[in-house]
Amino acid sequence: MVDQLAFTEINAQRIAVVENCFGTSGQPLSTPGRVLVGEGILTKECRKKPKPRTFFLFSDILVYGNIVINKVRYNTQRIIPLEDVTVEILPDSIDMRNRWMIKTSKKSFVVSAASYSERKEWICHIEECIHQLLQKTGRQPSKEHAAPWIPDKATDICMRCTQTNFTLVNRRHHCRKCGFVVCHECSKYKFLIPTIKSKPVRVCSLCYKKLVSEKVAIEEEVKRHERQFHDAVPEYDPSSEDSDEDAERQGAWPLNEDFYSSSWSAFHT
């Protein structure tokens, strides 16, 4: 179906409608070979509370945004490459049913569908698009995923020190590595995690120690390989140049012989 729709006028029109709904705030979505597979409203688990979001499944990307006027106007466009996506079914919670997680290297989050069958269809279509895309590109499925953020209301105390109560003064923060809800004192550190952001991001004290330890271990491993490489290369011996020069002198052309005349006669002979 995707291959049949790839370069049709109706597919181009459908993509253009989605672009118009996002307006100038969104990125262009029309590209050769891209197909709009389907769309629908899913409930996304956000920091404060679950909120409805409109999702658009394309043959190579997943796009979602806030609903201003359904079918007319959306904003805060988010684009996720399907090559980076893994889906996982989750059990129902008190607030949300038919839950599942969309996991990527930069961000992972929980969504829920209106029914069990709708969730099944979403997951089936996403996995099929991922399968087809990976076959075309030859890439392997993504294995590294960001931790989902735990909702604010899940806890009233810091999940690291378990002593600080959250108030209007003591605000909640989220560790970008583990997703825990932590206090300011337990999240004073920042660390560069390239898969999440190009700048250092907030991490909790425990994750910071682990990340620093991993970084030190990697640096030590690099140094160890460098030492092994240098040990394997023989040291420079200045005396070797003298022996080479002697060999060159021994094999040099005799001084009492005319090189040009002997070479010319040998050539004609």
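Residues numbered from 1 in each chain as written. Predicted model: local features only at pLDDT ≥ 70, side-chain atom pairs only at ≥ 80, totals over all residues. Heavy atoms only, no water.

For the protein chain, the name recorded in an unreviewed UniProt entry is Pleckstrin homology domain-containing family F member 1, with Xenopus tropicalis as its organism.

(A) Spatial organisation of the pairing of strand E3 (residues 61–69). Summarising the sheet, strand E2 (residues 50–58) and E3 pair through 5 bridges and their orientation is antiparallel. Its bridge partner lying in E3, phenylalanine 56 is registered against valine 63. Joining the antiparallel neighbours E2 and E3 is a turn of 2 residues. Here E3 pairs with strand E4 (residues 73–81) via 7 bridges, running antiparallel. Residue valine 63 lies in a different strand from E4, and its bridge partner there is isoleucine 79. (Pairing = 2+ DSSP bridges. Helix = DSSP H or I, 4+ residues; strand = E, 2+ residues; numbered from the N terminus.)

(B) Local environment of the pattern of salt bridges. Per the counting criterion, the structure on display carries 12 salt bridges. With a shortest N-O distance of 2.9 Å, aspartate 60 and arginine 34 are connected by a salt bridge. With aspartate 60 in the loop between E2 and E3 and arginine 34 in the loop between helix H2 (9–22) and strand E1 (36–45), the pair connects residues that are 26 residues apart, well separated along the chain. For lysine 103, the salt bridge goes to glutamate 88, with nearest N and O atoms at 3.0 Å. Placement of the pair is lysine 103 in strand E6 (residues 99–103) and glutamate 88 in strand E5 (residues 86–89), with a sequence separation of 15 residues. Judged by its relative accessible area of 18%, lysine 103 falls in the buried class. Linked through salt bridges whose partners overlap, the residues forming this network are Arg47, Lys48 and Asp152. (Salt bridge = Lys/Arg side-chain N within 4 Å of Asp/Glu carboxyl O. Buried < 20%, exposed > 50% of the residue type's maximum accessible area, 1.4 Å probe, protein only.)

(C) Molecular detail of the confidence of the model for the protein chain. Put simply, the protein chain has an average pLDDT of 87, and 86% of its residues get 70 or more. Low pLDDT, under 50, characterises residues 263–269; the predicted model gives this stretch 0 contacts beyond four residues in sequence or across chains. (pLDDT = per-residue confidence, 0-100. Contact = heavy atoms within 4.5 Å.)

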